[in-house]
Amino acid sequence: LFRRLQLLGVELQSRSRLPGIALALSAGAFGGSCFAVSKLYPDEQQGIAFAWTQAFGVAMWLVMLTAVALAADASSLFAASRGGEAKASSFVLGQLGGVRSIAPLGLGQGTVLAITNITTIVAAMSPVGIGVTQPVREAGHCLAVLIGILTFREYGEPDCRFVSLLSALTALNITGIVVLIVCGTAPS
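Residues numbered from 1 in each chain as written. Predicted model: local features only at pLDDT ≥ 70, side-chain atom pairs only at ≥ 80, totals over all residues. Heavy atoms only, no water.

When its secondary structure is counted, the protein chain shows six helices and zero strands. Helices (α) and strands (β) of the protein chain occur, in sequence order from the N terminus, as α-α-α-α-α-α. Looking at the protein chain residue by residue over its 188 residues, the buried ones come to 16%. (Helix = DSSP H or I, 4+ residues; strand = E, 2+ residues; numbered from the N terminus. Buried < 20%, exposed > 50% of the residue type's maximum accessible area, 1.4 Å probe, protein only.)

With respect to the helices, strands and loops of the structure, glycine 148 is situated in helix α5 (residues 130-150). The class for glycine 148 is buried, based on a relative accessible area of 3%. In this view, glycine 148 contacts Arg153 and Glu154; residues no more than four positions away in its chain are not counted. (Contact = heavy atoms within 4.5 Å.)

It is worth spelling out helix α6 (residues 160-183) at this point. Its 24 residues place the ends of α6 34 Å apart at the C-alpha level, agreeing with the 34 Å of an ideal helix rising 1.5 Å per residue. Among all positions of α6, only Leu166, Thr170 and Ile177 are buried. For α6, the secondary structure elements touched by its buried residues are α5. (Expected span 1.5 Å × (residues − 1).)

Examined against the element boundaries, threonine 66 turns out to sit in helix α3 (residues 48-81). Polar side-chain contacts of threonine 66 include one of 2.7 Å to the backbone oxygen of leucine 62. (Polar contact = N/O pair within 3.5 Å; in protein donor to acceptor, adjacent residues only side chain to side chain.)

Looking now at α5. For α5, spanning 21 residues, the distance from its first C-alpha to its last is 31 Å, which sits close to the expected 30 Å at 1.5 Å a residue. Listing the buried residues of α5 in full gives Val132, Thr133, Gln134, Ala139, Cys142, Gly148 and Ile149.

Of note, arginine 153 is a non-glycine position whose phi angle comes to about 55 degrees, a positive value. Within the fold, arginine 153 resides in the loop between α5 and α6.

With respect to the helices, strands and loops of the structure, threonine 133 is situated in helix α5. You can call threonine 133 buried: its relative accessible area is 8%. Here the side chain of threonine 133 touches alanine 123 through a polar contact of 3.4 Å, landing on its backbone oxygen. Sequence-distant contacts of threonine 133, that is, excluding residues within four places in its chain, are made with Thr120, Ala123, Ala124 and Val128.

To continue, consider the side chain of threonine 120. Tracing the backbone through its elements, the reader meets threonine 120 in helix α4 (residues 99-125). For threonine 120, a relative accessible area of 5% translates into the label buried. Here arginine 137 takes part through its side chain, which lies 3.5 Å from a polar atom of the side chain of threonine 120.

The grouping of Phe56, Met60, Trp61, Met64 and Leu65 at the surface amounts to a nonpolar patch, some 550 Å² of accessible area in total. Tracing the backbone through its elements, the reader meets leucine 65 in helix α3. (Patch = residues over 30% accessible without salt bridge, like charges linked within 9 Å, V, L, I, M, F, W, Y side chains within 5 Å. Areas by Shrake-Rupley, 256 points an atom, 1.4 Å probe, with all protein chains shown as cover. Salt bridge = Lys/Arg side-chain N within 4 Å of Asp/Glu carboxyl O.)

This part takes up the packing of α5 against α6. Viewed as axis vectors pointing N to C, α5 and α6 meet at an angle of 160 degrees, and their least axial separation amounts to 10 Å. It follows that α5 is roughly antiparallel to α6 by the angle criterion. Relative to α6, α5 is oriented so that their crossing is left-handed. Of the residues in α6, those in contact with Gly131, Val132, Pro135, Val136, Ala139, Cys142, Val145, Leu146, Ile149 and Leu150 of α5 are Phe162, Val163, Leu166, Thr170, Asn173, Ile177, Leu180 and Ile181. Among the residues forming the contact of α5 with α6, the class breakdown is 15 nonpolar, three polar and no charged. (Axes fitted to C-alpha atoms, helices over the stretch in contact; angles between N-to-C directions. Parallel < 35°, antiparallel > 145°, perpendicular 65-115°, else oblique. Left-handed = near helix turned anticlockwise from the far one by under 90°. Nonpolar A, V, L, I, M, F, W, Y, C, P; charged D, E, K, R; others polar.)

Now the structure itself:
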């Protein structure tokens, strides 16, 4: 994968970015397909009922994954405190130092994500359908990329060629979204 990405012109400073790239690709695959399962529900259980069961599923998995990470941290902390050679893990516990200052941002982002998921589900169950709703939702990521590049300089100082290509692709994406909204509907 590392070599293929280099051949595609993706510059990686080290192999340490590979797990992040793999997880990003996984998130894209799962994120693009997570609402398809809703079509397996009976008609009377579509819409809001699905939104709440999905929200419960997400909450359950987040709690379980956080508990596992906390247990790993606690175990390594215990081993390190008993004079073991292992260094204490800080996957969760080490991240809580500035929690008071970032808590409002995290709660706000969680609220936005929850509203995004619920409105996506309800829109997908409407006559607009999943084929229009999901691409419209995902198009919002174009905005996130533009903000990250132009405002926060996530990839360094953007050059004119890069910004021009990104703007052209964003315009193409937005045009496709407009066509989906105007012409696309769920089958009757």
